[in-house]
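A closer look at the structure
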Amino acid sequence: AQSVAQPEDQVNVAEGNPLTVKCTYSVSGNPYLFWYVQYPNRGLQFLLKYITGDNLVKGSYGFEAEFNKSQTSFHLKKPSALVSDSALYFCAVRDKDDKIIFGKGTRLHILP
Amino acid sequence: DTGVSQDPRHKITKRGQNVTFRCDPISEHNRLYWYRQTLGQGPEFLTYFQNEAQLEKSRLLSDRFSAERPKGSFSTLEIQRTEQGDSAMYLCASSTQLLPTDTQYFGPGTRLTVL
């Protein structure tokens, strides 16, 4: 079965510093990977996805993610963090029949 | 606003009562999904529709849960005889399914509290 793991429950980063939120995956077949963000009392907002092609995927709000097949990772990155980036981030993989399997989430705190 | 909408946003009910939630997908999307998210967890798949057909149901969806999408547009999720363990955020998502890699877009969710 497809699965993703987010090893960090929480990540703290100073404003202006680069940020990384980690994700590893386990899939059979081609991985279709996603990052979503959730702000308090809100639904999930799509950030970016990897289907095929370039290993570096660019998404919304200046975020990008690097697909690494050998390490089975899909880490989310941003060169310079903003306080407004503070939220809950979910890595996800598409399972058969198109349903999405989510990780447990990583809470990102950007410190002013 | 052409995004996914859900109603109500919040629902407080007493144990044993029935509740119904509504989801309106993005208009051209033919696939509609329901997920449940409990505190500290990622969303978990419940069920999905392609047009009006319900194609898959998770084992999480007990007999007390039923979902419909009668005209292939909006969908309802009903929980009968609610239990405190049903307290969660219920999320709806939709996609076009023109390609197997189409993105699912989520609504704001309905937060259910069962007292």
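Counting restarts for each chain, with residues numbered from 1 along the sequence as it is written. As they are written, the chains are lettered A onward and the ligands numbered 1 onward, keeping that order. Restriction of local features to residues with pLDDT of at least 70 applies here, the model being predicted, together with a cutoff of 80 or more for giving and counting side-chain atom pairs; totals for whole chains, interfaces and linings are based on all residues. Hydrogens and water molecules were not included; the side-chain quantities draw on all heavy atoms of the structure.

1. Examining the overall build of chain B
Labels follow the DSSP assignment, with helices taken as runs of H or I lasting at least four residues and strands as runs of E lasting at least two, numbered in each case from the N terminus. Of regular secondary structure, chain B possesses zero helices and eleven strands. Along chain B, from the amino end to the carboxyl end, the secondary structure elements read β-β-β-β-β-β-β-β-β-β-β. In terms of C-alpha radius of gyration, chain B reaches 13 Å, essentially the compact-globule figure of 13 Å for 115 residues. Remark: exposure states derive from per-residue accessible area (1.4 Å probe, protein chains only) relative to the maximum for the residue type, with buried under 20%, exposed over 50%, and partly exposed in between. When burial is assessed residue by residue, chain B has 50% of its 115 residues classed as buried. Restricting the contact set of chain B to residue pairs at least 6 apart, pairs at least 24 apart contribute 54%. Areas reported as accessible are Shrake-Rupley estimates using a 1.4 Å probe. Residue values count occlusion only from the protein chains shown. Carbon and sulfur atoms make up 45% of the accessible area of chain B, which totals about 5,800 Å². Of the charged side chains in chain B, 14 are positive and 13 negative, and the gap between their average positions amounts to 7 Å. The globule rule used here is 2.2 Å times the number of residues to the 0.38 power, and the radius of gyration it is set against is calculated over C-alpha atoms. In this description, contact between two residues means that some pair of their heavy atoms is separated by no more than 4.5 Å. None of His or the chain ends enter the tally, which takes Lys and Arg as positive and Asp and Glu as negative. The atom standing in for a charge is NZ when the residue is Lys, CZ when it is Arg, CG when it is Asp and CD when it is Glu.

2. Structural notes on the packing of aromatic side chains
Stacked, edge-to-face and tilted are the three classes for Phe, Tyr and Trp ring pairs, Trp counted by its six-membered ring, which pair at centre distances within 6.5 Å; planes under 30 degrees apart are stacked, over 60 edge-to-face, the rest tilted. The tally for this structure, following the rule as stated, stands at 19 aromatic pairs over all chains. In textbook terms, an aromatic cluster arises when at least three aromatic residues are bridged by ring pairs, as seen for A:F34, A:Y36, A:F46, A:F90, A:F102, B:Y33, B:Y35, B:F45, B:Y48, B:Y105 and B:F106. The residue whose ring lies beneath A:K99 is B:F45, and the NZ or CZ to ring-centre distance is 5.4 Å. Lysine NZ or arginine CZ positioned within 6 Å of the ring centre and within 35 degrees of the ring normal marks a charge as sitting over the ring.

3. Concerning the pattern of salt bridges
Put simply, a salt bridge is a Lys or Arg side-chain nitrogen that is within 4 Å of an Asp or Glu carboxyl oxygen. Taken as a whole and assessed by the stated rule, the structure comprises eight salt bridges over all chains. The partner of A:D85 in a salt bridge is A:K78, and the shortest N-O contact between them spans 2.8 Å. What makes A:K78 buried here is its relative accessible area of 8%. Where B:E56 meets A:K99, a salt bridge forms, and the shortest distance between an N and an O atom there is 2.8 Å. Highlighted residues: B:E56 in strand β6 (residues 53-57) and A:K99 in the loop between β10 (87-94) and β11 (100-102), drawn from two different chains.

4. Focus on the interface of chain B and chain A
Taken together, the contact pairs 24 residues of chain B with 19 residues of chain A. Both faces considered, chain B and chain A share a buried interface measuring about 1,800 Å² in area, 49% of it formed by carbon and sulfur atoms. For the pair chain B and chain A, the number of links is one salt bridge. Here a polar contact is recorded for every N or O atom pair within 3.5 Å, except that within protein the pair must consist of a potential hydrogen donor and a potential acceptor, and residues adjacent in sequence are included only if both atoms are side-chain atoms. Connecting chain B to chain A are six residue pairs in polar contact (both at pLDDT 80 or more). Elements with a minimum of two residues in the side of chain B that touches chain A: β4 (31-37), β5 (44-50) and β10 (105-106) of chain B. Residue contributions to the side of chain B that touches chain A peak at four residues, all from β4(B). The term buried area means the drop in 1.4 Å probe accessible area that two parts suffer when joined, counted for both and summed.

5. A short note on the state of the cysteines
The term disulfide refers to a covalent linkage connecting the sulfur atoms of a pair of cysteines. The criterion for a disulfide is a pair of cysteine sulfur atoms lying within 2.5 Å. Per the stated rule, a full pass over the model turns up two disulfides over all chains. There is a disulfide in this structure between A:C23 and A:C91, and the S-S distance comes to 2.0 Å. Taking the sign of the S-S torsion, -65° for the link of A:C23 and A:C91, the bridge is left-handed. Of this pair, A:C23 sits in the loop between β3 (19-21) and β4 (24-26) while A:C91 sits in strand β10, and the two are 68 residues apart along the sequence. Neither A:C23 nor A:C91 differs from the other in exposure class; each is buried. Between the sulfur atoms of B:C23 and its disulfide partner B:C92 the distance amounts to 1.8 Å. A torsion of -65° about the S-S bond marks the disulfide between B:C23 and B:C92 as left-handed. Residue B:C23 is located in strand β3 (residues 19-24), and its partner B:C92 is located in strand β9 (residues 88-95); the two are separated by 69 residues in the primary sequence. Pair check on accessibility: B:C23 and B:C92 agree, each one buried.

6. Remarks on the environment of B:L60
All names here are of chain B. Here L60 lies in the loop between β6 and β7 (65-68). Exposure remark for L60: the relative accessible area of 25% places this residue in the partly exposed category. The sequence separation of L60 and E44 amounts to 16 residues, and the corresponding C-alpha distance is 8.6 Å. What L60 contacts, discounting residues up to four positions off in sequence, is R36, E44, F45 and L46.

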